[in-house]
Amino acid sequence: MEGVQGLLLFTLIGFLVTLLTQSSHATLTLALAALSVGQVSYENAIGITIGASVGSTIMAVIGSIGSNIEGKKIMVTHVMFNVIAATLALIFFKIYFWLTNYLCDMLSIAPDDYVLRLAMFATLLHAVPVVLLYPAIPKITKLLNKYVKAKAKENPDQTPMFLNKEVMAFSDSALQALTLESVRLLQAAVDIIARMISLHPEDVVSDEEVPAIISERDKPIDDDFNKIYQDKFKGLYSSIMDFAINAGQNSEDLKDTKNMMDIRRANIHMAAALKDASQLQTNIRKLGFSNNGYVRAEYGHLRRNLLRLLRNVIRINEATTVDQIDKIQGKIKKEATRFDAVSRSSLDTLIRSHSISDSTATSIMNDNALSRSLAMHLYDVVNLLYKSNPTLTDDLETKRRKRKKARKKVAEAS
């Protein structure tokens, strides 16, 4: 059978034979043997060669099973290349056929030497797509990296370290587990807030002066809040909330149940603080690094106060007494009041002098209100998670009594 139908039929035969034998070499050997004894025509043998090229991809697919992500990328590339090669050969068959004959004539290959001419066609079958696809390698690589990805591994940031069925059996152990997990989540929340105001998480724990850090971070950080929230917060937050509800229902101690609900409320305040931070991010990126010095100064002031706030929230973990918690909590509340210091009259002056626009002044006031809301949510987190939580406060008091007892023994010994 000749013509387009014959070409497509023998391409299919070549594909199926290669699929069964799992060897394109075996298929080509059969095609060459059949061609040499006149069992198939030269054009039919070309169809078998094209089909064998596509069928050879099955070995790449099988070989990629169990391989790492780079192996899978190689497999996809191999399949894509061979399919493109076969498609081009079928669409532009007459051009390939003419070029094969032209090159064979140049090399003085006899017109009836179909074996060598078939070898020339097989060479062109793979050489042409190499030439055509070579300039597109960077784009192909980008597409592979984008769409061929390893299965998502369990995110350690989202995996509870302390919550399990065993600790839920006892209300006091459940309360302690909830507390420890919530402290982890608070650290994640602080890191996310830092990134939303175009700071790095390490800036929060740094000893460098706040004004110096704000001066250094003079470019916006274009982080995707939704992605960070999903990766760093949402999973652990959901686990804590579910555990708190179930543990509270199972607890027979009303006091422990109340404390668990307080922890749940603390986590809700964390989520609310993140919501405020996500709304702040838009204007901080847009206006916080403005060429307008007045606008940049207002947002620089706002970012400095937020950084001081986050540092105080983190320092709560260093507290060794309830009095120290009270002191740090007071500083957090003081930072919250700083956001009320934006004077409407000073903004009016800037508007009248055309230093800033009405809409910019409104944005500044709204963002200070958001920052105050964020600060008060974190204040409530500290109050519910640290100050009112017997798991932490009782431990601090125990440590305080031990230190007092130790000092008394030293004094008596001296």
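Residues numbered from 1 in each chain as written. Predicted model: local features only at pLDDT ≥ 70, side-chain atom pairs only at ≥ 80, totals over all residues. Heavy atoms only, no water.

### Considerations on the confidence of the model for the protein chain
The condition that has to hold: On a range of 0 to 100, pLDDT expresses the predictor's confidence in each residue. The numbering of helices and of strands both runs from the N terminus, where a helix is a DSSP run of H or I of at least 4 residues and a strand a run of E of at least 2.
Within the protein chain, residue pLDDT values average 84, and 89% of them lie at 70 or more. Ranking the helices and strands of the protein chain by mean pLDDT puts helix H12 (residues 210-216) first, with 93, and helix H19 (residues 390-413) last, with 54.

### Examining the environment of Tyr229
Our working rule: Whether two residues are in contact is decided by their heavy atoms: any pair within 4.5 Å suffices.
Within the secondary structure layout, Tyr229 lies in helix H13 (residues 225-250). Distance from Tyr229 to Ala189, taken between C-alpha atoms, is 8.8 Å for residues 40 residues apart in sequence. If we skip the residues at most four places from it in the chain, Tyr229 touches Gln158, Lys234 and Leu274.

### Notes on the packing of aromatic side chains
Defined as follows: Whether two aromatic rings pair depends on their centres lying within 6.5 Å, for rings of Phe, Tyr and Trp, where Trp uses its six-membered ring; planes under 30 degrees apart make the pair stacked, over 60 edge-to-face, and the rest tilted. Burial status follows relative accessibility: with a 1.4 Å probe on protein chains alone, a residue under 20% of its type maximum counts as buried, one over 50% as exposed, and anything between as partly exposed.
Overall, the coordinates contain 9 aromatic pairs when judged by the stated rule. Their ring planes at 45° and their centres at 5.6 Å tell us that Tyr42 and Phe97 sit as a pair that is tilted. You can see Tyr42 sitting in helix H3 (residues 42-55) and its partner Phe97 sitting in helix H6 (residues 93-106), a full 55 residues away along the chain. Its relative accessible area of 9% is what places Tyr42 among the buried residues. An angle of 15° between the planes, with centres 5.4 Å apart, marks the rings of Trp98 and Tyr102 as stacked. With Trp98 and Tyr102 both in helix H6 and 4 residues apart, the pair spans about one turn of that helix. Classification of Trp98 by relative accessible area gives exposed; the value is 54%. Counting every residue linked through ring pairs, the aromatic cluster contains Tyr42, Phe93, Tyr96, Phe97, Tyr114 and Phe121.

### Things to note about the pattern of salt bridges
To keep things clear, this is the line we draw: A pair is scored as a salt bridge if a Lys or Arg side-chain nitrogen falls within 4 Å of a carboxyl oxygen belonging to Asp or Glu.
Per the counting criterion, the structure on display carries 10 salt bridges. Taking the shortest distance from any N to any O, the salt bridge between Asp218 and Lys219 comes out at 3.9 Å. Assessed through its relative accessible area of 60%, Lys219 is described here as exposed. Between Lys227 and Asp231 there is a salt bridge, with the nearest N and O atoms lying 2.8 Å from each other. Of this pair, Lys227 and Asp231 both sit in helix H13, separated by 4 residues, roughly a single helical turn. Asp231 sits in the partly exposed class, given a relative accessible area of 28%. Taken together, the shared-partner salt bridges in this structure form one network comprising Lys258, Asp262 and Arg265.

### Some thoughts on the side chain of Asn283
What counts is decided by this rule: A 3.5 Å cut-off defines polar contacts: any pair of N or O atoms within that distance qualifies, except that in protein one atom must be a possible hydrogen donor and the other a possible acceptor, and neighbouring residues in sequence count only when both atoms are side-chain atoms.
Note that Asn283 resides in helix H14 (residues 254-287). Polar contacts involving the side chain of Asn283 include one to the side chain of Asp367, which spans 3.0 Å. Among all residues touching Asn283, those that are not within four sequence positions of it are Gly288, Tyr299, Ser363 and Asp367.

### Topic: helix H5 (residues 69-91)
The periodicity of an α-helix, 3.6 residues per turn, causes residues three or four positions apart to be oriented the same way. Rules: The span you would expect from a helix comes to 1.5 Å times its residue count less one.
For H5, spanning 23 residues, the distance from its first C-alpha to its last is 33 Å, which sits close to the expected 33 Å at 1.5 Å a residue. Turning to H5, its buried residues are Lys73, Met75, Phe81, Asn82, Ala85, Ala86, Leu88 and Ala89. Looking at the buried side of H5, the elements it contacts are H3, helix H4 (57-64), H6, helix H7 (114-133) and helix H8 (137-147).

### A word on the nonpolar core
We count it as follows: The set of buried Ala, Val, Leu, Ile, Met, Phe, Trp, Tyr and Cys residues whose side-chain atoms join them within 4.5 Å is what this entry labels a nonpolar core.
Core analysis: the biggest nonpolar cluster contains 76 residues, and Phe233, Leu374 and Leu378 have the highest contact counts within it. Mapped onto this core, the elements with two or more residues apiece are helix H10 (171-196), H12, H13, H14, helix H15 (293-315), helix H16 (322-338), helix H17 (344-352) and helix H18 (358-387). No other element matches H10, which puts 13 residues into this core. With sequence-adjacent residues up to four places away left out, Leu378 is seen in contact with Leu186, Ile193, Ala273, Leu309, Leu310 and Val313. Counting 22 residues, the second largest nonpolar core, distinct from the first, contains Ala45, Ile50, Ala85 and Leu124.

### Some details on the environment of Asp105
Counting through the fold element by element, Asp105 comes out in helix H6. Looking at Asp105, the relative accessible area reads 48%, which means it is partly exposed. On a C-alpha basis, the gap between Asp105 and Arg117 in space is 9.6 Å, while along the polypeptide they are 12 residues apart.

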